[in-house]
Amino acid sequence: ADAGARGANVSFGGVCGSPIVISAAQYMRGKGGVVTASSGNSGALETTADSRALTCVGATNPSDARTSWSTQ
C-alpha cells in the first residue's frame, strides 16, 4: 500500500478471521486498496466476522452453490 499497490490477494486459507490480516487489510483500504483472501479448500463450514476491509472468497459450482471442497 505504501508503494502504491491497489490490490492484494492472500491465496491461502485460514486468514479470513485473522486479526493481523484484517488489520493489514484495513491499512490497505485506508490507502485506497482492496484485499481479497481465499477461504480455503478444506470443505469445512467456518464462520468469521464480516469485515469491510477484507473480501473472503470461496468456490461455487455452475449453479452458484458452494462446492464440496470450498471452505465457508
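The present account deals with the structure reproduced in this document. Values in this document were obtained by computation on a predicted structure and should not be read as measured data. (Residues numbered from 1 in each chain as written. Predicted model: local features only at pLDDT ≥ 70, side-chain atom pairs only at ≥ 80, totals over all residues. Heavy atoms only, no water.)

### Let's talk about the overall build of the protein chain
Let me state the cut-off plainly: Secondary structure elements follow DSSP: runs of H or I no shorter than four residues count as helices, runs of E no shorter than two count as strands, and numbering proceeds from the N terminus. Whether two residues are in contact is decided by their heavy atoms: any pair within 4.5 Å suffices. Accessible surface is estimated by sampling points in the Shrake-Rupley manner with a 1.4 Å probe; for residues, cover comes only from the protein chains shown. The sign given to each residue is positive for Lys and Arg and negative for Asp and Glu; His and the chain ends receive no count. Throughout, a charge is located at the NZ atom of Lys, the CZ atom of Arg, the CG atom of Asp or the CD atom of Glu.
On a plain count of helices and strands, the protein chain comes out with one helix and three strands. Listed by position from the N terminus, the elements making up the protein chain come as β-α-β-β. Taking the principal axes of the C-alpha coordinates as reference, the protein chain spans close to 40 × 25 × 20 Å. In the protein chain, the share of contacts with a sequence separation of at least 24, taken over all contacts with a separation of at least 6, comes to 60%. Entry remark: accessible area of the protein chain is about 4,700 Å², with carbon and sulfur atoms responsible for 53%. Taken together, the 5 basic and 4 acidic charged side chains of the protein chain have centroids lying 9 Å from each other.

### Brief notes about the side chain of Thr-67
What counts here: Burial classification: accessible surface area is computed with a 1.4 Å probe over protein chains only, and a residue below 20% of its type maximum counts as buried, one above 50% as exposed, and the rest as partly exposed.
Mapped onto the elements, Thr-67 comes out in the segment after strand 3 (54–57). Overall, the relative accessible area of 6% leaves Thr-67 in the buried class. If we skip the residues at most four places from it in the chain, Thr-67 touches Ala-59, Thr-60 and Asn-61.

### With respect to the pairing of strand 2 (residues 34–38)
What counts is decided by this rule: Here, a strand pair is defined by DSSP locating no fewer than two bridges between the strands.
Of the two faces of strand 2, only one is covered, namely that formed by Val-35 and Ala-37; the face formed by Val-34, Thr-36 and Ser-38 stays uncovered. Where strand 1 (residues 7–10) and strand 2 come together, four bridges link them in parallel fashion. The partner of Gly-7 across the bridge, within strand 2, is Val-34.

### Looking at the environment of Pro-19
For Pro-19, the location among the structural elements is in helix 1 (residues 19–30). As for Pro-19 and Asp-2, which are separated by 17 residues in sequence, their C-alpha atoms are 20 Å apart.

### Regarding unusual backbone geometry
Its identity as a non-glycine residue notwithstanding, Asp-64 has a phi of 65°, on the positive side. With respect to the helices, strands and loops of the structure, Asp-64 is situated in the segment after strand 3. Take Asp-64: its relative accessible area is 60%, and that puts it in the exposed class.

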